[in-house]
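Per-entry structural report
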Amino acid sequence: MSDGGTVSVDQFLPHPPAKVWRALTDPDLIARWLMPTDFVPVVGHRFTFRTTPRPDRGFDGTVHCEVLDLDPPHRLRWSWRGGGLDTVVAWTLVAEGRGTRLLLEHSGFDPDDPLQRRTRDLLGGGWRSHVLRRLTETLRETP
């Protein structure tokens, strides 16, 4: 993490930026590595992710999002709202040799709120291990 309110991940992927971009913007591929979604890569498009509800954490299982910024195949930002969060997820892709440097920042957590700190830590671990591992597997399995 770069600060108390942001999760930062820097990952090299041995795939060209266009392929990584497709995995970040194709709803069928997103569902394989993240969650089912009705994402469309258009600024202003509102979409959701659906996962297991966590009533004990005030989360009904739906993440409400909106595409905030789109610069194919370099940058994608969306809002991430649900379970008391109002945050932003930003993806930056940089060509590096025969692959792509993927930079992820999930920002906007309140470091003074104990629930948001726990959620930040939970999501940070998820972005680092589970999601990027599954994204890597999806990229490997996708032509």
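Keep in mind that this is a model prediction, so the values were computed, not measured.

Looking only at helices and strands, the chain has 3 helices and 6 strands in total. For the chain, the C-alpha radius of gyration of 15 Å lies close to 15 Å, the compact-globule estimate for 143 residues. Along the longest, intermediate and shortest principal axes, the C-alpha atoms of the chain span 40 × 30 × 25 Å. Within the chain, the fraction of its 143 residues that count as buried is 41%. Intrachain contacts of the chain at a sequence separation of at least 6 include 48% that bridge at least 24 residues. Accessible area for the chain stands at about 7,200 Å²; split by element, carbon and sulfur atoms hold 52% of it. On the chain, the mean spot of the 19 positive side-chain charges and the mean spot of the 19 negative ones are 5 Å from each other.

Before going further, it helps to spend a moment on the nonpolar core. Formed by 33 residues in total, the largest nonpolar core has its most connected members in Trp33, Phe49, Trp78, Trp80, Trp91 and Trp127. The element best represented in this core is helix 3 (residues 114–141), accounting for 5 residues. Discounting residues that sit within four places of it in the chain, Trp91 has contacts with Leu24, Trp33, His74, Arg75, Leu76, Trp78, Leu102, Leu103, Leu104 and Trp127.

Of the pairings in the sheet, the one linking strand 4 (residues 75–82) to strand 5 (residues 85–96) comprises 8 bridges and is antiparallel in character. Its bridge partner being in strand 5, Trp78 is matched across the sheet by Val89. The hairpin turn running from strand 4 into strand 5, its antiparallel successor, is 2 residues long, and Gly83 in that turn takes a positive phi close to 60°. With 9 bridges joining them, strand 5 and strand 6 (residues 99–107) adopt antiparallel strand pairing. By the bridge assignment, Val94 is partnered in strand 6 with Arg101.

Rules behind the numbers
Residues numbered from 1 in each chain as written. Predicted model: local features only at pLDDT ≥ 70, side-chain atom pairs only at ≥ 80, totals over all residues. Heavy atoms only, no water. Helix = DSSP H or I, 4+ residues; strand = E, 2+ residues; numbered from the N terminus. Rg over C-alpha atoms; globule rule 2.2 N^0.38 Å. Buried < 20%, exposed > 50% of the residue type's maximum accessible area, 1.4 Å probe, protein only. Contact = heavy atoms within 4.5 Å. Areas by Shrake-Rupley, 256 points an atom, 1.4 Å probe, with all protein chains shown as cover. Lys, Arg positive; Asp, Glu negative; His and termini not counted. Charge placed at Lys NZ, Arg CZ, Asp CG, Glu CD. Core = buried A, V, L, I, M, F, W, Y, C linked by side-chain atoms within 4.5 Å. Pairing = 2+ DSSP bridges.

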